[in-house]
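The residues making up each chain are set out below.
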Amino acid sequence: MARSRYRWFIVFLLFAITVVNYIDRAALSYAIPLIQRDLGLSPEATGAILGAFGLGYAVTTLIGGFAVDRYGARLVLTVAAVLWSLSIGATALATSVTILYAARVLLGVSEGPNFPALTGAVSHWLSPHERATALANALLAVPLALAIGGPLVTQLLGWLDWRLTFGVLFVLSAAWIPLWYFCFRDDPSQSRFVNADELAHIRKVDPGVTAAPHAVLKSWPEPGVLKALLTNRTLLANTWAFFVFGYFLFFFMSWLPSYLERKYGLNLAAVGLFSVLPWLSAAFLLWAMGRWSDHLLKTTGSMRISRSWLIAGSQFVAALAVIPVALTDNLTVAIAGITVAVASSMGANAAYYAVNVDIVPERAATALGIMDFAFAIAGFLAPAITGWVLNLRGSFADGFLLMTVLALSSVLVVLLFHHPDRDREKAA
């Protein structure tokens, strides 16, 4: 009997929910001009509402990592998806700033466990030499969701009002839940769709590459475990670089529509179309660099080359790309710079995730939860700081230049401290 390939269907399920996840969280950025007019929001209040997602996300992405290692991705992600569907429904019903803010916090709370669950599922379902590829395939959902989300949401907003648009998104979110619950199992050996050959392939370990996938359930992490994770230099460097990536992502996800509308006078439909190129470019680069990362690991045996160098290089290009965006008044130059910045900052996304699985496979979800906590803080700071700067100076230039400084700092940190081959041995 031929080897089954059900593990790639699991990756597709993770991809699908992440598409829904990101369309849900980005939709407010396109609807916010309409909501501003209905609810009378100031730029500062708008930034606070856009950043509210990060506050809720910060709490549960950390706890979610612990919960996934303890209870498994199936239960945790099912509960999370139910809650974020309800939060989208609450957004549709919001009649005040307070309700809208609370709905965004709830969305962050409920979406927080998504990426720890994704990482935990991949660590169980994919063999070490397929993990970066699988992560890239699943994480491809982020830029693709943002690419299709712009035209989709702006069209819905054009046909419907913003309340009905969020009602449609509620239905799409809820539709995924039964599919996940009935098709996924935390341990591939418990799935009737996985045959013996595929299970043997999943559990195959290439000597010298990484440790075996971890057991399905673990106890809550002890203080010694947390101390090891929080003092590992590679994981700390990885976390800082991921924070910077998060700052880029949330800046563009939250403020790109308003930037294009304010700076260049584009209407809502044009904003949706102009936002496609950066996210599609990011999708291609993320997919390509995920495969390249696994190829480099297979051919060189070095995680420093296959993970660290990709992260530092992509952040360096992103740092340079936003400089002309800050200084230009030309739409073509701005879109070109934004496209390069978005694509390069997201290109090494799979490598960030793979580092957690490479170094601490037995606590991959917990390690990812810690890393994603920093990402969540960026999710609050990027929209809020930008809104504050706009309220003071009325210009996006300072926000772009701050991103250059942050990206260059992450390049330096990765080059100095990101040594996964060495630090994996200490974490083992």
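All values reported here derive from a predicted model rather than from experimental measurement.

A.B. asks: Give a detailed account of the side chain of His-418, specifying residues and quantitative values.
C.D. replies: In this fold, His-418 is placed in the loop between α18 (397–417) and α19 (420–427). In terms of polar contacts, His-418 uses its side chain to reach the side chain of Asn-238, at 2.9 Å. Within polar-contact distance, the side chain of His-418 engages the side chain of Ser-308 at 2.6 Å. In this structure His-418 touches Thr-234, Ala-237, Asn-238, Arg-304, Ser-308, Ile-311, Val-355 and Val-413, once residues within four positions along its chain are discounted.

A.B. asks: Before we move on, could you go through helix α13 (residues 276–300) and cite the residues and values that matter?
C.D. replies: Taking 1.5 Å per residue, 25 residues should reach 36 Å; α13 reaches 36 Å between its end C-alpha atoms and fits that length. Just beyond α13, the residue with positive phi is Gly-301, at close to 70°.

A.B. asks: Account for the packing of aromatic side chains, naming residues and giving values.
C.D. replies: Applying the stated criterion across every chain yields a total of 28 aromatic pairs. A centroid spacing of 5.0 Å and a plane angle of 55° characterise the contact between Phe-250 and Phe-375, whose relative ring orientation is tilted. Within this pair, whereas Phe-250 is found in helix α11 (residues 233–264), its partner Phe-375 is found in helix α17 (residues 364–393), the two being separated by 125 residues in sequence. Relative accessible area serves as the criterion here: at 2%, Phe-250 is assigned to the buried category. Overall, the relative accessible area of 1% leaves Phe-375 in the buried class. Seen in terms of ring centroids, Phe-252 and Phe-400 are 6.3 Å apart; in terms of plane orientation they differ by 40°. Their pairing is tilted. Within this pair, whereas Phe-252 is found in helix α11, its partner Phe-400 is found in helix α18, the two being separated by 148 residues in sequence. Assigned by exposure class, Phe-252 and Phe-400 land together as buried. By way of ring pairs, the aromatic residues Tyr-6, Phe-9, Phe-12, Phe-15, Trp-125, Trp-176, Trp-180, Phe-184 and Phe-193 are connected into one cluster. One cation-aromatic arrangement involves Arg-74 over Tyr-181; the distance from NZ or CZ to the ring centre is 4.0 Å.

So, how was this worked out
Residues numbered from 1 in each chain as written. Predicted model: local features only at pLDDT ≥ 70, side-chain atom pairs only at ≥ 80, totals over all residues. Heavy atoms only, no water. Helix = DSSP H or I, 4+ residues; strand = E, 2+ residues; numbered from the N terminus. Polar contact = N/O pair within 3.5 Å; in protein donor to acceptor, adjacent residues only side chain to side chain. Contact = heavy atoms within 4.5 Å. Expected span 1.5 Å × (residues − 1). Phe/Tyr/Trp six-rings, centres within 6.5 Å; stacked < 30°, edge-to-face > 60°. Buried < 20%, exposed > 50% of the residue type's maximum accessible area, 1.4 Å probe, protein only. Lys NZ or Arg CZ within 6 Å of the ring centre and 35° of its normal.

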